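An overview of the molecular structure
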Amino acid sequence: MANVVVVGAQWGDEGKGKIVDWLSERADVIARFQGGHNAGHTLVIDGKVYKLHALPSGVVRGGKLSVIGNGVVLDPWHLLSEIETIRGQGVEITPETLMIAENTPLILPIHGELDRAREEAASKGTKIGTTGRGIGPAYEDKVGRRSVRVADLADMATLEARVDRALQHHDPLRKGLGIEAVDRDTLIAQLKEIAEKILPFSAPVWKVLSEKRKAGKRILFEGAQGALLDIDFGTYPFVTSSNVIAGQAATGVGVGPGAIDFVLGIVKAYTTRVGEGPFPTELDDDDGQRLGERGHEFGTTTGRKRRCGWFDACLLRQTCATSGVNGIALTKLDVLDGFEELKICTGYELDGEKLDYLPTAADQQARCTPVYETMPGWSESTEGARSWNDLPAAAIKYVRRVEELIDCPVAMVSTSPEREDTILVTDPFAD
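Below, the structure is looked at part by part. Since this is a predicted model, take the numbers as computed values, not measurements.

**Looking at the overall build of the protein chain**
Within the protein chain one finds 12 helices and 18 strands. On C-alpha atoms alone, the protein chain measures out to a radius of gyration of 22 Å, which is about the 22 Å that the 2.2 N^0.38 rule sets for 431 residues. Of all 431 residues assigned to the protein chain, the portion counted as buried reaches 56%. Of the roughly 17700 Å² that the protein chain leaves accessible, carbon and sulfur atoms contribute 48%. Between the mean site of the 49 positive side-chain charges and the mean site of the 63 negative ones, the protein chain shows a separation of 3 Å.

Shown next, in the form of structure tokens:
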């Protein structure tokens, strides 16, 4: 059976939640493979709105196994709060429906404190735009081999040793930032208290997924954020602290690359970004304001207003290449209704030279200006369209031109937050 990876192909907020929910109905397992609770997914099902941050989108679907993989950094206190919220909306979540990889690193309170202190201490122009939730420092501890992981909660001697190793690193940092030293006993007490609530969900996820694959079950690998925030291939240093591209799906849950059969890139019909960093097609005018208002462009996690701009086909060609995207899901097409003309960025100009990619160096990125192609807009409504026949001719031409410019086919088109308002072109789960 086909297994599908879903990745955001821009700077996040592309509408992955709806698409993952739409696909999860046909999957047996939904596995989250990277990121933390700094990213959010909004699902609208039968008029009910679910806002998820740490939980995989599949938890709202009965009869599915949801998995949090080792590529995620997990705030256990936030997770339990989110579980209670979702349970309060009538969703059953048990250790039979949700599993957490034993080797998943934990986000501790000290990580959020360090994250926020660093951002506050950063001078203007050097702020990253972090959500302050501790994701970056937690990943630093992971690669620095000083994480507290889920499995450590089962043995108090190991847990205390892990905490002591982490504090050898954190206390000097905190002193330099003017923060009080960590209260070791309080932190350990907090972890002991949370352990009995988290451990029932702990499992050898790599083994479970291997068995599911052998049994012919369909796995949907769910990423957070977007490929342009990837630690290696994003607009560094204004990126997240993990790999976001599709290759991380295998490492982030413990399967081989051969387990991936189809990569679906989620792409908004225009471009948005939250926080700092380069944004070549950003619009600081009435059109940008209109896109933001019509698209309700506020972050699910932070509530921050998103920066808006024209569709950047040049950047999307890059992310389709680095993630090996087989097809894209084009979302929020309806937001473009009513524009007399639309612009698509086809490349950049840098110091008089034309480029068909965004350079890596930050100073060059800042000097790049977009090269636009203009297309006619449409006055008819595309909201709620479920077939090509429901779309105006100009909207179809826009979609087809996007395909040509990014050298990747459109697999589906989303025309509203409702899951059924989707035009299916290619079934990612087809054998």
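**Observations concerning the pairing of strand E2 (residues 29-32)**
Strand residues, when the strand is regular, have side chains that alternate between the two faces of the sheet. Neither face of E2 is left uncovered, since the one carrying Val-29 and Ala-31 and the one carrying Ile-30 and Arg-32 both have all their residues buried. Inspection of the sheet shows E2 paired to strand E5 (residues 65-68) by 4 bridges, in the parallel sense. Within the sheet, the bridge partner assigned to Val-29 lies in E5 and is Leu-65. With 4 bridges connecting them, E2 and strand E8 (residues 219-222) associate as parallel partners. Counterpart to Arg-32 in the pairing with E8 is Glu-222.

**A word on the layout of surface pockets**
Counted as a void, the second largest pocket has a volume near 240 Å³. Lining the second largest pocket are 16 residues, and of these Phe-233, Gly-234, Gln-318, Leu-358 and Thr-360 lie nearest its centre. Taken together, the residues of the lining of the second largest pocket sort by class into 8 nonpolar, 7 polar and 1 charged.

**Considerations on the packing of aromatic side chains**
All told, the structure shown has 3 aromatic pairs when counted by the stated rule. Between the aromatic rings of Trp-378 and Tyr-398, the centroid separation amounts to 6.0 Å while the plane-to-plane angle is 65°, which identifies the pairing as edge-to-face. In this pair, Trp-378 is assigned in the loop between strand E16 (369-376) and helix H12 (393-406) and Tyr-398 in helix H12, connecting sequence segments 20 residues apart. When the ring centre of Phe-339 is taken as origin, the NZ or CZ atom of Arg-290, which lies over that ring, is 4.1 Å away. In this structure, Arg-400 is placed above the aromatic ring of Trp-388, and the distance from its NZ or CZ to the ring centre is 4.6 Å.

**Points about the sheet that holds strand E7 (residues 202-203)**
Read from one edge to the other, the open sheet built from 10 strands follows the order E7-E6-E5-E2-E8-E1-E9-E13-E17-E18, with strand pairing classed as mixed. A strand with exactly one partner marks an edge of an open sheet, and here the two such strands are E7 and strand E18 (422-424). As defined by bridge partners, strand E1 (residues 4-8) adjoins strand E9 (residues 262-268) across 5 bridges and the pair is classed as parallel. The residue of E9 that forms the bridge with Val-7 is Gly-265.

Thresholds applied
- One numbering rule holds for all chains: residues counted from 1, following each sequence as written.
- Owing to the predicted nature of the model, reporting of local features is limited to residues with pLDDT of at least 70; listing and counting of side-chain atom pairs is limited to 80 or more, with chain, interface and lining totals taken over all residues.
- Neither water nor hydrogens contribute to the side-chain values; these are computed over all heavy atoms in the structure.
- For helices the rule is a DSSP run of H or I covering at least 4 residues; for strands it is a run of E covering at least 2, with both sets numbered from the N terminus onward.
- Note on method: radius of gyration uses C-alpha positions; expected globular size equals 2.2 Å times residues raised to 0.38.
- Relative accessibility decides the category of a residue: with a 1.4 Å probe and only protein chains considered, values under 20% of the type maximum give buried, values over 50% give exposed, and everything between is partly exposed.
- Every accessible area reported is derived by Shrake-Rupley at a probe size of 1.4 Å, with residue values counting cover from the shown protein chains alone.
- When charges are counted, Lys and Arg contribute as positive and Asp and Glu as negative, whereas His and the chain ends are disregarded.
- Charge placement uses NZ in Lys and CZ in Arg. For Asp and Glu, CG and CD serve respectively.
- Strand pairing is assigned whenever DSSP detects at least two bridges linking the two strands.
- Lining residues are defined by having an atom within 4 Å of a point belonging to a cavity or pocket. Those points lie on a 1 Å grid over the protein atoms alone, cavities being sets where a 1.4 Å probe fits but cannot get out and pockets being open sets with protein on both sides within 12 Å along at least five of seven lines.
- Grid points are joined across faces, edges and corners, and a volume is the space filled by probe spheres set on the points.
- Amino acids are sorted into nonpolar (Ala, Val, Leu, Ile, Met, Phe, Trp, Tyr, Cys and Pro), charged (Asp, Glu, Lys and Arg) and polar (every other residue, Gly among them).
- Only centres within 6.5 Å qualify two rings of Phe, Tyr or Trp (six-membered ring in Trp) as a pair; their planes then separate them into stacked at under 30 degrees, edge-to-face at over 60, and tilted for everything else.
- For a ring to carry a charge above it, either NZ of a lysine or CZ of an arginine must fall within 6 Å of the ring centroid while also lying within 35 degrees of the normal to the ring plane.

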